[in-house]
Amino acid sequence: MCRHVAYLGEPVSLREVLIDPPFGLHRQAWAPRRQRYGTVNVDGFGAGWYAEGDPVPARYRQAVPMWADESFADVARVTRTRALLAAVRSATEGTAPGASAACPFRDGRHLFSHNGIVTGWPGSAAGLAGLLPAAMLLDLPARTDSALVWALVRHRLAGGATMAAALARTVREVASHAGGRLNLLITDGESIAATAYGDTLTYRVDNRGVVVASEPSDDTAGWVDVPDRSLLVARRGEVSVTPIETAATEEP
């Protein structure tokens, strides 16, 4: 159910991260190697990135597979950034189609992606929806389980939680109300937070920066697998991994 990747580091083109690697996100749209659920990710894609001096990220999203969009290859070739988040989508049954349903979702400086599923969607959503203000429910970017999970994260961020705390608390909430596979990924252009909860997650740090991804984009050394039910926080040159159960989730 979807694949995603985030990068922080020295300026790179989108193509260097998403298309050029032999097993990068572009290939994962049609031939993922570690995906445990589903076989392809052809229900849309999206990429978000940060331009120098602008804290609000740009996005490019489409309802077609990444490899079917010739324009994106050109955009990716000439667009350079120090931070990006991108995803390819395998839609949960019963969720909305279209580009608006494709991650990454955006709010202010944040980009967010969900790789997984909320068990029992949409029937299981009632309890989760009750945790949100009505205005946030009316502002969902799409009728999808991922958009609801994003609203829960946004609610925690608005309450003053850090990105890591917002992800950890949201995973706990969704797990207790419905269950599911909850690999979440978020960045603000300065750091990355992610969860491994039901699907694969890996990272690599080198002299250029840090990559956090659903699966390795090549077979070179340095990739580190994240244990299931873990919370990851990454900055340039630094990654920490802790169990979700013990992660701090207090809000100011």
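What counts and what doesn't
Residues numbered from 1 in each chain as written. Predicted model: local features only at pLDDT ≥ 70, side-chain atom pairs only at ≥ 80, totals over all residues. Heavy atoms only, no water. UniProt positions renumbered as here; feature names shortened; annotations may be inferred. Helix = DSSP H or I, 4+ residues; strand = E, 2+ residues; numbered from the N terminus. Rg over C-alpha atoms; globule rule 2.2 N^0.38 Å. Buried < 20%, exposed > 50% of the residue type's maximum accessible area, 1.4 Å probe, protein only. Contact = heavy atoms within 4.5 Å. Areas by Shrake-Rupley, 256 points an atom, 1.4 Å probe, with all protein chains shown as cover. Lys, Arg positive; Asp, Glu negative; His and termini not counted. Charge placed at Lys NZ, Arg CZ, Asp CG, Glu CD. Core = buried A, V, L, I, M, F, W, Y, C linked by side-chain atoms within 4.5 Å. Salt bridge = Lys/Arg side-chain N within 4 Å of Asp/Glu carboxyl O. Pairing = 2+ DSSP bridges. Axes fitted to C-alpha atoms, helices over the stretch in contact; angles between N-to-C directions. Patch = residues over 30% accessible without salt bridge, like charges linked within 9 Å, V, L, I, M, F, W, Y side chains within 5 Å. Expected span 1.5 Å × (residues − 1).

- Going by the annotation in an unreviewed UniProt entry, the name recorded for the protein chain is Gamma-glutamyl-hercynylcysteine sulfoxide hydrolase, with Planotetraspora mira given as the source organism.
- Heading Catalytic activity (unreviewed entry) of the UniProt record for the protein chain holds this comment: "gamma-L-glutamyl-hercynylcysteine S-oxide + H2O = S-(hercyn-2-yl)-L-cysteine S-oxide + L-glutamate".

1. A closer look at the overall build of the protein chain
Argument step 1. A count of helical and extended segments in the protein chain gives seven helices and 13 strands.
Argument step 2. Over its C-alpha trace the protein chain gives a radius of gyration of 16 Å, about what one expects of a compact globule, namely 18 Å for 252 residues.
Argument step 3. Taken over 252 residues, the protein chain has a buried fraction of 56%.
Argument step 4. Partitioning the intrachain contacts of the protein chain with sequence separation of at least 6 by distance along the chain shows that 68% fall at a separation of at least 24.
Argument step 5. Total accessible area on the protein chain is roughly 10300 Å²; 51% of this is exposed by carbon and sulfur atoms.
Argument step 6. Where the 25 positive side-chain charges of the protein chain centre and where its 27 negative ones centre are 1 Å apart.

2. Digging into the nonpolar core
Argument step 1. Judged by nonpolar contacts, the single largest core of 37 residues is most densely connected at Phe112, Val153, Leu167 and Ile186.
Argument step 2. Contributing elements (two or more residues each) for this core: β6 (110–118), α4 (125–129), α6 (145–158), α7 (163–177), β7 (180–187) and β12 (230–235).
Argument step 3. Of all hydrophobic cores here, the second largest spans 22 residues; its members include Val12, Leu25, Phe72 and Ala86.

3. Brief notes about the pattern of salt bridges
Argument step 1. The tally for this structure, following the rule as stated, stands at 16 salt bridges.
Argument step 2. Asp219 is the partner of Arg33 in a salt bridge, and the nearest nitrogen-oxygen pair spans 3.0 Å. One end of the pair, Arg33, is in the loop between α2 (25–28) and β2 (45–49); the other, Asp219, is in the loop between β10 (209–213) and β11 (224–225), and 186 residues separate them in sequence.
Argument step 3. Note on Asp219: relative accessible area 61%, which makes it exposed.
Argument step 4. Where Arg34 meets Asp225, a salt bridge forms, and the shortest distance between an N and an O atom there is 2.7 Å. Highlighted residues: Arg34 in the loop between α2 and β2 and Asp225 in strand β11, separated in sequence by 191 residues.
Argument step 5. Note on Asp225: relative accessible area 47%, which makes it partly exposed.
Argument step 6. Here the residues in one salt-bridge network are Arg3, Asp199 and Glu215, joined through shared partners.

4. Regarding the sheet that holds β12
Backbone hydrogen bonds are what pair the strands of a sheet, in a parallel or an antiparallel way.
Argument step 1. Strand order across the open sheet formed by six strands is β5-β6-β7-β8-β12-β13, with antiparallel pairing between neighbours. Of all the strands in the sheet, the pair left with one neighbour each is β5 (105–107) and β13 (238–243). Sheet twist, expressed as the average angle between the axes of neighbouring strands with direction ignored, equals 20°.
Argument step 2. By the bridge criterion, eight bridges tie β6 to β7 in an arrangement that is antiparallel. The partner of Ser113 across the bridge, within β7, is Leu185.
Argument step 3. Strands in contact with α6 are β5, β6 and β7; relative to β6, the strand with the most contacts, it is inclined by about 130°.

5. Quick notes on the sheet that holds strand β4 (residues 80–88)
Argument step 1. One open sheet accounts for seven strands, arranged β3-β2-β4-β1-β10-β9-β11; its pairing is antiparallel. Each edge of the open sheet is held by one strand with a lone partner, namely β3 (58–62) and β11.
Argument step 2. Summarising the sheet, β2 and β4 pair through five bridges and their orientation is antiparallel. If you follow Gly46 over to β4, its bridge partner there is Ala87.

6. Re a nonpolar patch on the surface
Argument step 1. A contiguous nonpolar surface patch, about 350 Å² in accessible area, is contributed by Trp30, Val40, Val42 and Trp67.
Argument step 2. Tracing the backbone shows Val42 in the loop between α2 and β2.
Argument step 3. Val42 gets classed as partly exposed once you look at its relative accessible area, which sits at 30%.

7. Looking at α6
Argument step 1. Taking 1.5 Å of rise per residue, 14 residues should cover 20 Å, and α6 covers 20 Å from first to last C-alpha, within 8% of that figure.
Argument step 2. Across the 14 residues of α6, twelve count as buried, placing the element largely inside the fold.
Argument step 3. Here the buried face of α6 lies against β5, β6, α4, α5 (134–138), α7 and β7.
Argument step 4. Gly160, located one to two residues past α6, shows a positive phi value of around 105°.

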